[in-house]
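In case you want the letters, here they are:
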Amino acid sequence: MTLYQPFLDYAIPVLKERLDLAPYPIPAGFDRKEFLTGKGKKEQLVVTTSHGFKSSKLRQIRAAHVQGGDALQVLNFVIFPQLNYDVPFFGADLVTLPGGHLIALDMQPLFHDAAYQKQYSEPILPIFNTYQKELPWGGDFPDEAKPFFSPAFLWTRPKETEAVQTTVFEAFKAYLQAYLDLVEQAQPVTDSQRLGEILEAQLRYINYRAAKDPARGMFTRFYGEEWTEEYIHGFLFDLERHLLEVQQSV
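The following refers to the structure shown.

Within soluble globular proteins, side chains that are nonpolar generally end up buried alongside one another. Counting residues in each nonpolar core, the largest one holds 86 residues, and the members touching the most others are Phe 7, Phe 77, Ile 79, Phe 90, Phe 172, Tyr 175 and Tyr 179. Tallying contributions element by element places helix α4 (residues 161-185) first for this core, with twelve residues. In this structure, Phe 172 is in contact with Phe 7, Tyr 10, Ala 11, Phe 90, Ala 92, Leu 94 and Leu 105, ignoring residues within four places of it in sequence.

And the structure:
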């Protein structure tokens, strides 16, 4: 089963078509990792692959794709803007586990003031309203996570795999195209105070996501703690490493 491969097969050509795309470096050992789990008839190969790109306005576009049979399919697809743009993050967490499907799509905001929401959240609300009818609210999530989501946060737990292959896929495409529209229109920020606020907002998001990464337990079980922590901090949420490299190169 490769439930989320079509999402990647759609996204990557669209990114290449709409952006001045270049490769983003993937550290050694992270481009592909395998683990054989289970025994006998329950034996299953789990394969994790990584994809990385960047553009003039987007610091990192990256995906972690886990394929482990019908009961384990994950695509974590996140876009981080360059530090001199105030556009939101694009976040798609698409997860299939033995208990069912967990889907989260959003333009995750840097700020929550009215002007920011009007510029970046309100244009997405019609898309959210369209798909929420078929993909109802998935239930409570942690209060500490709420500052990192927008009013257009599509959080759902579809019961049928077919809904993931059709409605969720269409929602993913709509959100990604809308995000690229926002990026296309974005102008660089030059005000020093605002640039400082953008950096703080990005670091808050990165640090929260790295600390609370729900895949940590799964990756640790398959690939060990050392590999997992380096994967999280050295690739998935690598802003602090990136800033350190910039400082060292100056």
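From this point, the narrative continues.
Now for the layout of surface pockets. Size it by volume and the largest pocket reaches roughly 810 Å³. In terms of lining residues, the largest pocket is bounded by 36 residues, among which Asp 93, Val 95, Arg 209, Lys 212 and Pro 214 are the most central. Contributing elements (two or more residues each) for the lining of the largest pocket: β4 (58-67), β5 (73-81), β6 (89-97), β7 (100-108), α5 (192-211) and α6 (216-223). It is β7 that contributes the most residues to the lining of the largest pocket, six residues altogether. Of the residues in the lining of the largest pocket, the class split is 25 nonpolar, three polar and eight charged. Of the pockets and cavities examined, the second largest pocket occupies roughly 250 Å³. Looking at the lining of the second largest pocket element by element, the count peaks at three residues for helix α8 (residues 239-249).

Taken residue by residue, helix α3 (residues 125-132) has Ile 127, Phe 128 and Tyr 131 as its buried positions. Summarising the axial view, the buried residues of α3 lie within an arc of 100 degrees, below the 170-degree limit, and thus occupy one face. Elements that come into contact with the buried residues of α3 comprise β8 (154-156) and α4.

With that settled, consider the packing of α6 against helix α7 (residues 225-236). Where α6 contacts α7, the two axes come as close as 7 Å, and the packing angle between them is 135 degrees. One way to sum up the angle between α6 and α7 is to call them oblique. Two packed elements cross with a definite hand, and for α6 against α7 that hand is right-handed. On the side of α6, the interface is formed by Arg 216, Phe 219, Thr 220 and Tyr 223, while α7 contributes Glu 225, Trp 227, Thr 228, Glu 229, Tyr 231, Ile 232 and His 233. Each residue belonging to the contact of α6 with α7 can be placed in one class, and the counts come to five nonpolar, three polar and three charged.

Cut-off values and rules
- Residues numbered from 1 in each chain as written.
- Predicted model: local features only at pLDDT ≥ 70, side-chain atom pairs only at ≥ 80, totals over all residues.
- Heavy atoms only, no water.
- Core = buried A, V, L, I, M, F, W, Y, C linked by side-chain atoms within 4.5 Å.
- Buried < 20%, exposed > 50% of the residue type's maximum accessible area, 1.4 Å probe, protein only.
- Helix = DSSP H or I, 4+ residues; strand = E, 2+ residues; numbered from the N terminus.
- Contact = heavy atoms within 4.5 Å.
- 1 Å grid on protein atoms, 1.4 Å probe; cavity = no way out; pocket = protein on both sides within 12 Å on 5 of 7 lines; lining within 4 Å.
- Points joined across faces, edges and corners; volume = space filled by probe spheres on them.
- Nonpolar A, V, L, I, M, F, W, Y, C, P; charged D, E, K, R; others polar.
- Arc of directions from axis to C-beta.
- Axes fitted to C-alpha atoms, helices over the stretch in contact; angles between N-to-C directions.
- Parallel < 35°, antiparallel > 145°, perpendicular 65-115°, else oblique.
- Left-handed = near helix turned anticlockwise from the far one by under 90°.

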